[in-house]
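Here are the chains, one letter per residue:
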Amino acid sequence: IDVATARGGDWDRLDALLLAQGVTAWCPTLVTAPLDAYAAPLARIAAAAARPGRHPEILGAHLEGPFLGTRPGAHRVDHIRGVDRAWLDDLPPEVAIVTVAVECEHADQAWAWARERGVVGSVGHSGADADATRIAFERGASMVTHLFNAMSGLDHRRPGVAAAALLDPRI
């Protein structure tokens with residue numbers, strides 16, 4: 001079930017699947033898309049979070065893109081773009097996590113925005129080296145999205161995102 005298009009009974013099915021795995025709280029993830037494609041899925045996630053009754057708690061949405069870098073993984077590269085601060089400013093309060101690549105154009109604006117809004121700024125889909133990643137941590141990134149997947153790793157000559165994350169107790 002794709003959370004970007006989930007409606008009605010789809011959320012009930014997701015609830016059942018998540019509960020069967022012991023999940024009691026989660027952040028539905030939206031992947032890279034054109035900027036104008038996020039509003040409707042975010043509204044559906046907000047509506048799903050507000051449903052009455054017992055179901056896994058939706059803590060907020062995770063935007064995994066479109067501000068990614070040189071390790072796009074399964075994301076459509078034609079939708080990857082630089083950070084758009086005005087677009088971030090217009091996001092609804094349901095957004096809880098935003099994944100941004102260190103090398104993404106204007107990434108510092110995303111870290112500042114995340115700090116200001118109380119949103120988790122997460123490094124991901126990045127080929128950055130450890131030094132650049134540490135700077136992102138100092139500027140507000142506080143998490144790494146799916147460690148070791150779609151990021152620079154533990155090369156002995158050029159340690160990357162994974163190495164920086166593992167060595168930083170704040171992350």
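Thresholds, definitions, all that
Residues numbered from 1 in each chain as written. Predicted model: local features only at pLDDT ≥ 70, side-chain atom pairs only at ≥ 80, totals over all residues. Heavy atoms only, no water. Pairing = 2+ DSSP bridges. Helix = DSSP H or I, 4+ residues; strand = E, 2+ residues; numbered from the N terminus. Salt bridge = Lys/Arg side-chain N within 4 Å of Asp/Glu carboxyl O. Buried < 20%, exposed > 50% of the residue type's maximum accessible area, 1.4 Å probe, protein only. Contact = heavy atoms within 4.5 Å. Core = buried A, V, L, I, M, F, W, Y, C linked by side-chain atoms within 4.5 Å. Patch = residues over 30% accessible without salt bridge, like charges linked within 9 Å, V, L, I, M, F, W, Y side chains within 5 Å. Areas by Shrake-Rupley, 256 points an atom, 1.4 Å probe, with all protein chains shown as cover. Right-handed = clockwise from strand over helix to strand, strands pointing away.

## Digging into the sheet that holds strand β6 (residues 120-123)
- Pairing within the open sheet is parallel, and its five strands lie in the order β2-β4-β5-β6-β7. The outermost strands of the open sheet, each flanked by one partner alone, are β2 (29-31) and β7 (143-144).

## A short note on the pattern of salt bridges
- Applying the stated rule across the entire model yields nine salt bridges.
- One salt bridge in this structure joins R85 and D89, with 2.9 Å as the shortest N-O distance. Of the two residues, R85 and D89 both sit in helix α3 (residues 85-89), four residues apart, roughly one turn of that helix.
- Of the charged contacts, one joins D108 and R139 as a salt bridge, the two residues approaching to 2.6 Å between their closest N and O atoms.

## Details of helix α4 (residues 107-117)
- Within the sequence span of α4, burial applies to A107, A110, W111, A112, W113 and A114.
- Looking at the buried side of α4, the elements it contacts are α3, β5 (95-100), β6 and α5 (130-139).
- Where α4 terminates, the next one or two residues include G118, which has phi positive at roughly 75 degrees.

## Description of the nonpolar core
- W11, L63, V100 and V123 are the most contacted members of the largest nonpolar core, which totals 45 residues.
- Sorting the residues of this core by element identifies α1 (9-20), α2 (39-49), β4 (61-64), α3, β5, α4, α5 and α6 (161-167) as the ones contributing at least two each.
- Per element, the largest residue contribution to this core is five residues, and it comes from α4.
- Beyond its immediate chain neighbours, meaning those up to four positions away, V100 contacts F67, V83, A107, A110, W111, S122, V123 and G124.

## Description of a nonpolar patch on the surface
- A cluster of nonpolar side chains, L147, F148, L154, L166 and L167, forms an exposed patch at the surface whose accessible area comes to about 520 Å².
- Within the fold, F148 resides in the loop between β7 and α6.
- For F148, a relative accessible area of 45% translates into the label partly exposed.

## Quick notes on the pairing of β6
- Pairing between β5 and β6: four bridges, direction parallel. Within β6, the residue paired with V98 across the bridge is G121.
- Taken together, the two bridges between β6 and β7 define a ladder with parallel strand orientation. Looking at β7, one finds that V123 is bridged to V144.
- Following the chain from β6 across α5 to the adjacent parallel β7, one finds a crossover that is right-handed.

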